[in-house]
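An overview of the molecular structure
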Amino acid sequence: MNTFKLLVASASALALTAPAALAEWQPKKPVEFIIMAGTGGGADQIARLLQGLIQKKDLSPRPFIPINKPGGSGAEALRYMQDKAGDNHTVMMTLNSFYTTPIIQEDLGIDVTEFTPIGLMAMDTFLLWVNTDREDITDLDSFNAAVSEAGKNWKVGGTGSGQEDSVLTAMMEAEFGYDVTYIPFPGGGTVAKNLVGNQIDSTVNNPAEQMEFWRAGNTKPLVQFSAERMPAFPDVPTAKELGVEIEYYMQRSVNGPPDMDPEAVEWYVNLFQELFDSEEWQAFCKSDGLTCEKMMKGEDLATFHENQKVAHEKLIEKVGAGAITGE
Amino acid sequence: MTVRTAELLMAITTLLVSLGLMLNVYTDDLSIGWVRGRGPGAGMWPFWLSAGMALASVATLVRWAQKKTPESRNTDPYISRDTIFLVSISAGSVLALLIMMTFIGTYLALVVFMLFFVRFMGRHSWPMTLGFAIGTPIFVYLLFEVALTKYLPKGLPIFEDAFLWVDNFRYEWFY
Amino acid sequence: METVLVSLGSGLLEAFQPLNLMMIFAGCLAGLFVGCMPGLGSVNGVAILLPITFLVPPTTAIIFLAALYYGAMYGGAISSITLGIPGASTAVATVFDGRPMAQQGKADQALMAAAIASFIGGTVSIILFTLFAPPLAAFALKFGPQEEFALMLLAFATFIGLGGDDIPKTIFSILLGLVLAAVGFDIISGSPRLIFFDMVEFQRGIGFLVLAIGIYGIGEMLWTLETTSGKVQMHNVKISMSRMKENFKQIRQYINSTWLGSFLGFFVGTLPAAGATPAALMSYGLSKTFSKDPDSFGKGNVAGVAAPEAANNAASTGSMLPMITLGIPGSPTTAILLGGMIIWGLRPGPLLFTESPDFVWGLIGSMYVANAVTVVLNIALIPVFIRVLAMPFTLLTPIIFTLCVLGVFATTDRMFDTWIMLIIGIVGYLMRKLNYPVAPAVLAIVLGPLAERSLRQSLISAQGDATTFITRPISLVCICLALALVLFPVVQRILRKRKKAAESRA
């Protein structure tokens, strides 16, 4: 098996790292791959997949070490990156708490636009899900009718106050004028389980976390919150089609600490571009309902972050931080 | 210090710590009461449990005053002269290890730590001492750095560079 | 039934493929090694070895990782017994009696009991798994936050007897553990709590391992240094074939606890939120409550080693159930295994059983084999583990300290936690000298977050109506059982007194 590994490694080294070897900068020590969420979640899965691919394809002379820093909805990770300013051997896998956490926790003193953007690996989307047992709910209108009737008795499950799905739930409450009970659970998997077990009535979840229950006929999507219908869900209308102005995405981008050397940034951008274009990554995007058409990087990504930051500030102002944090 | 005094001081400390915890929760603007329609607020659990800690500390104080606990009747020294040396030197060595790890890096720190324990505390022979002082860092390197891909603290940049110079051979020879 | 047997047969055949068999062996050995290092549990091993498995077919890969997971479960008991440091939260209860046994020179008996109990627990659990996976998965879905909270009450009720003789100090210790567990970010309200000195590191919370290694590693070591004045070491055990045989015969003393632990462990393990730690603790508590000689627990009763070990192995198999049938992790380690399955192109979820039967049955088959391999390895290695105890203290102490520091660092990758560990260790030592029991604090920090979260989730979902716990049948049953457990020792004492009184009269 070792010989096999060696063969694979050297073959892929010849094929793939040849152009990379020409670049001036290369990591001199293991790269800390910070994940701003806990083990087992979406961000963690993606980071570990990327790390595995780097190792499998031998894309880096030094290993990438995934390190979870989930504390305080990513506050711990953000602060860690801030303190690592100028370090060329740390990159971070982010999700939307990248924007929301510094807004909700003002005294953290983090401005994410100072971070070094590397690459936007994927955009994740959200759908509204209910249990298939609810035969009375077939579309958004019947859903809204059921929620309005139940009022506070309507239980929405989510992954925690201040997380993306709580923002989206708050947006829906503001849009449709009802007030539901939001129950936080640790992780999207637990939410899915509670929806299947009828412990909660509805949830907004990423496709990956519900896909299998949907295929097994346990849950059904009602609306998707993307601009266009996703290939995986051709029959589910978008909110916009129904005349509801809600569009929300989860970005999954890789960023470095502030003030990274440009040569290092170039190396990382090339690395993640290669990963992005790989068959494995594209297959993963497809099966998990992620949107990965073109990797956004450099200035584009910086602008994207800036826009997202402003958008989230507005959003939180509109629905009120209290509606998101729950108390 | 006798065991009796130590129990008093400990009970006072635990009381102060409990009150401090309560204050910490209270000043953080966490809701310590029952939120209508939601159940306990964010601060209820830590606040009232800390209050319970304070009560338990008071109970210990009362029992101390009434000489009800065996410790409150015990006038032996809390830590005897012999053990204070042994215990403080052991705890101190861990402290020193942590400080050294921060400045000169894990591996050098381990060499010094092992030299200290094996040679100066244990008075083992020099071959044994050197075996441990060199063997431990190598074992740690192989287990944590190579097998488990953990990046242990390397200390100040100069020590980190020295480590990386050595570490480089691993990548050049084995990969 | 027949289809199950046929599938199982093909699964076992799969497990006996030369490559797979080799991987089982390698996985068990690696797991044992990682598991017996304090701080490096199966989570570390599985997470780190995951990428290696890209080079082999998925079934072989999951077999390797499952074997590693299994080996680590056994390994946790080894450091609990020989060093007195629980390698993982699942092995905490093993320390309670394992450590005293080692000090009495009975480490080999404890290790033997741990190995055999683990084997029985694991095997019972796999058989239940094979036969009842789908209906159990359906039952697990009925467990909402209310039921979880009731289960936590039940877990707490089993510890009633675990405290020391000083009631206010025991209460203080439990409450301290519960409060320390609340440090960090509150997921229900999203607000930070108890962030001391405004240090952002506290937002992560104080991990269980930091507390356990601080108290049992540093604190226990200081305590041992004091009681032995650094001179006397634990009794050296001479291992001989006849002694091993004798140890094996001891099985009668702990067989009941082992059965109890096996069934309880499997059941608790299948519930997605609970996992192996509460299972092991509950099993220990129940064995003590129903023992003929409850006072000997905590002083080196072999049943106190067997009960939690049977339960944690049964539960680790049990926690594979929600993973395989629903695609929901029952523990952090299974969460990473799930990630692995996704990377290999499998789709964990309710359809896995029907869509990838080779994979599922290969995994189940490998669990039978891995269990057998690990028990043999373990018993064969007992003499090696015992050698550790024969080391002079000036060599053992620095090694333990090094493992504690690096183990804590490895769990979270930050020096901050090693400092907390040292502080907790010293404070724990000082408090222990004054008869503050430390075990309740360690238990409380494991169960505290689960209990608080499920309590608040239930009340939010019931809009503050506390009767929700008694109007749901499963939750009501758990609460009644908890009450019965609390009352049981009291009733028992009264009955005994009456019996004595009756005897003296007669």
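Residues numbered from 1 in each chain as written. Chains lettered and ligands numbered in written order. Predicted model: local features only at pLDDT ≥ 70, side-chain atom pairs only at ≥ 80, totals over all residues.

1. Some points on the overall build of chain B
- Secondary structure assignment for chain B yields six helices and two strands.
- Ordered by position in the sequence, the α and β elements of chain B form the string α-β-β-α-α-α-α-α.
- By the compact-globule yardstick of 16 Å for 175 residues, chain B is too spread out, its C-alpha radius of gyration being 25 Å.
- Expressed along its principal axes, the backbone C-alpha trace of chain B runs to roughly 65 × 55 × 25 Å. (Helix = DSSP H or I, 4+ residues; strand = E, 2+ residues; numbered from the N terminus. Rg over C-alpha atoms; globule rule 2.2 N^0.38 Å.)

2. Description of the overall build of chain C
- Looking only at helices and strands, chain C features 22 helices and two strands.
- Scaling as 2.2 N^0.38, a compact globule of 506 residues should have a C-alpha radius of gyration of about 23 Å, and chain C matches this with 22 Å.
- Expressed as lengths along the three principal axes of its C-alpha atoms, the size of chain C is roughly 65 × 65 × 60 Å.
- For chain C, buried positions account for 66% of its 506 residues.
- A separation of at least 24 residues holds for 80% of the contacts in chain C among residues at least 6 apart in sequence. (Buried ≥ 20, exposed ≤ 12 C-beta atoms within 10 Å, placed from the backbone. Contact = placed C-beta atoms within 7 Å.)

3. A few points about the interface of chain B and chain C
- Each partner contributes residues to the interface: chain B has 58 residues there, and chain C has 52 residues.
- Those elements giving two or more residues to the side of chain B that touches chain C turn out to be α1 (3-27), β2 (39-40), α2 (44-65), α3 (81-104), α4 (106-121) and α5 (126-147) of chain B.
- Within the side of chain B that touches chain C, the residues separate by chemical class into 33 nonpolar, 17 polar and eight charged. (Nonpolar A, V, L, I, M, F, W, Y, C, P; charged D, E, K, R; others polar.)

4. As for the interface of chain C and chain A
- Opposite the 41 residues of chain C that make contact, chain A presents 44 residues.
- Every element with two or more residues in the side of chain C that touches chain A is listed here: β1 (184-185), α15 (332-343) and α20 (439-461) of chain C.
- Top element by residues in the side of chain C that touches chain A is α15 of chain C. It accounts for seven residues.
- Residues belonging to the side of chain C that touches chain A are distributed by class as follows: 24 nonpolar, 12 polar and five charged.

5. Observations concerning the packing of helix α7 (residues 188-196) of chain A against helix α8 (residues 207-215) of chain A
All names here are of chain A.
- Contact geometry of α7 with α8 gives a least axis separation of 9 Å together with a crossing angle of 30 degrees. Classified by the angle between their axes, α7 and α8 sit roughly parallel to one another. Here α7 runs over α8; the crossing is right-handed. Facing Gly188, Gly189, Ala192 and Val196 of α7, the residues of α8 in contact are Glu209, Gln210 and Phe213.
- Here the residues of the contact of α7 with α8 are counted per class, giving three nonpolar, three polar and one charged. (Axes fitted to C-alpha atoms, helices over the stretch in contact; angles between N-to-C directions. Parallel < 35°, antiparallel > 145°, perpendicular 65-115°, else oblique. Left-handed = near helix turned anticlockwise from the far one by under 90°.)

6. Considering the domain arrangement of chain B
- Along its sequence, chain B is organised into domain 1 (3-73) and domain 2 (81-174).
- Each of domain 1 of chain B and domain 2 of chain B has a C-alpha centre, and the two are 40 Å apart. (Domains from an automatic or database assignment.)

7. Examining helix α1 (residues 2-15) of chain C
Residue and element names in this part refer to chain C.
- With 14 residues, α1 should reach 20 Å at 1.5 Å per residue; the first-to-last C-alpha distance of 20 Å fits that figure.
- For α1, every residue scored as buried is listed here: Gly11, Glu14 and Ala15. An end-on view of α1 places all buried positions within 95 degrees of arc, on one side of the element. Along α1, exposed side chains directed more than 90 degrees from the buried face belong to Glu2, Leu5, Val6 and Gly9.
- Residues of α1 that are buried in the fold lie against α2 (18-36), α4 (58-82) and α17 (357-389). (Expected span 1.5 Å × (residues − 1). Arc of directions from axis to C-beta.)

8. Examining the sheet that holds strand β6 (residues 155-158) of chain A
- Read across the open sheet, the five strands follow the order β7-β6-β8-β5-β9 (chain A); overall the sheet is mixed. Each edge of the open sheet carries a strand with a single partner, namely β7 (181-184) and β9 (219-224) of chain A. Averaged over all pairs of adjacent strands, the angle between strand axes in this sheet comes to 30 degrees, irrespective of strand direction.
- As judged from the four bridges shared by β6 of chain A and β7 of chain A, these two strands associate in the parallel manner. Residue pairing across strands places glycine 158 of chain A opposite proline 184 of chain A, the latter belonging to β7 of chain A.
- Where α20 of chain C meets the sheet, its contacts fall on β6 and β7 of chain A, and the angle it forms with β7 of chain A comes to roughly 165 degrees. (Pairing = 2+ DSSP bridges.)

9. Points about the confidence of the model for chain C
All names here are of chain C.
- A residue-level look at chain C finds 93% of positions with pLDDT of 70 or above and a mean pLDDT of 83.
- Within chain C, helix α3 (residues 42-49) has the poorest average pLDDT of any element, 70, and helix α19 (residues 415-432) the best, 92.
- Overall fold confidence (pTM) sits at 0.84, and the ipTM for the predicted complex is 0.92. (pLDDT = per-residue confidence, 0-100.)

10. Thoughts on the environment of alanine 372 of chain C
- Checked against the element boundaries, alanine 372 of chain C lands in helix α17.
- It is 30 Å that separates the C-alpha atoms of alanine 372 of chain C and isoleucine 213 of chain C, two residues lying 159 residues apart in sequence.

11. Examining unusual backbone geometry
- In this structure, arginine 123 of chain B is a non-glycine residue whose phi angle is positive, near 55 degrees.
- Its location among the elements puts arginine 123 of chain B in the loop between α4 and α5.
- Judged by the 9 C-beta atoms lying within 10 Å of it, arginine 123 of chain B falls in the exposed class.
- Positive phi outside glycine occurs at asparagine 435 of chain C, with the angle close to 70 degrees.
- Within the fold, asparagine 435 of chain C resides in the loop between α19 and α20.

12. Structural notes on the sheet that holds strand β11 (residues 296-297) of chain A
- The strand order β2-β1-β3-β10-β4-β11 (chain A) describes an open sheet built from six strands, whose pairing is mixed. Strands at the two margins of the open sheet, each flanked by one partner only, are β2 (64-68) and β11 of chain A.

13. Overview of the packing of helix α6 (residues 107-141) of chain C against helix α10 (residues 241-249) of chain C
All names here are of chain C.
- Packing of α6 against α10 leaves a shortest axis separation of 9 Å and a crossing angle of 50 degrees. It follows from the interaxial angle that α6 and α10 lie oblique. Where α6 crosses over α10, the handedness of that crossing is right-handed. Seen from α6, the contacting residues are Asp108, Gln109 and Met112; seen from α10, they are Arg243, Asn247 and Phe248.
- Classifying every residue of the contact of α6 with α10 by side-chain character gives two nonpolar, two polar and two charged.

14. Describing the environment of glycine 304 of chain C
All names here are of chain C.
- Looking at the secondary structure, you find glycine 304 in helix α13 (residues 303-318).
- With 29 C-beta atoms counted inside 10 Å, the residue glycine 304 sits in the buried group.
- Beyond its immediate sequence surroundings of up to four residues, glycine 304 is in contact with Phe96, Asp97, Tyr284, Ser287, Phe297 and Gly298.

15. Details of the confidence of the model for chain B
- Overall, the predicted model of chain B reaches an average pLDDT of 88, with 99% of residues at or above 70.
- By mean pLDDT, β2 of chain B is the weakest element of chain B at 80, and α2 of chain B is the strongest at 92.

16. What about the pairing of β7 of chain A?
- Where burial is concerned, the two faces of β7 of chain A agree: the one with Thr181 and Ile183 of chain A and the one with Tyr182 and Pro184 of chain A are both buried.
- For the crossover that starts at β6 of chain A, traverses helix α6 (residues 164-176) of chain A and ends in the parallel β7 of chain A, the hand is right-handed. (Right-handed = clockwise from strand over helix to strand, strands pointing away.)

17. Description of the pairing of strand β8 (residues 202-205) of chain A
Residue and element names in this part refer to chain A.
- Going residue by residue along β8, you find Ser202 and Val204 tucked away on one face and Thr203 and Asn205 tucked away on the opposite face as well.
- Both strand β5 (residues 127-131) and β8 contribute to a ladder of four bridges, which runs antiparallel. Residue pairing across strands places leucine 127 opposite asparagine 205, the latter belonging to β8.
- Pairing of β6 with β8, which is carried by two bridges, proceeds in the parallel orientation.

18. Some details on the environment of leucine 61 of chain B
All names here are of chain B.
- Here leucine 61 shows up in helix α2.
- Classification of leucine 61 by C-beta neighbours within 10 Å gives partly exposed; the count is 18.
- Sequence separation between leucine 61 and leucine 15 is 46 residues; the distance between their C-alpha atoms is 9.2 Å.

19. Some words on α13 of chain C
- Between its terminal C-alpha atoms α13 of chain C stretches 22 Å, which fits the 22 Å expected from 16 residues at 1.5 Å a residue.
- Among the 16 residues of α13 of chain C, 16 are classified as buried, and the element is accordingly described as predominantly covered.

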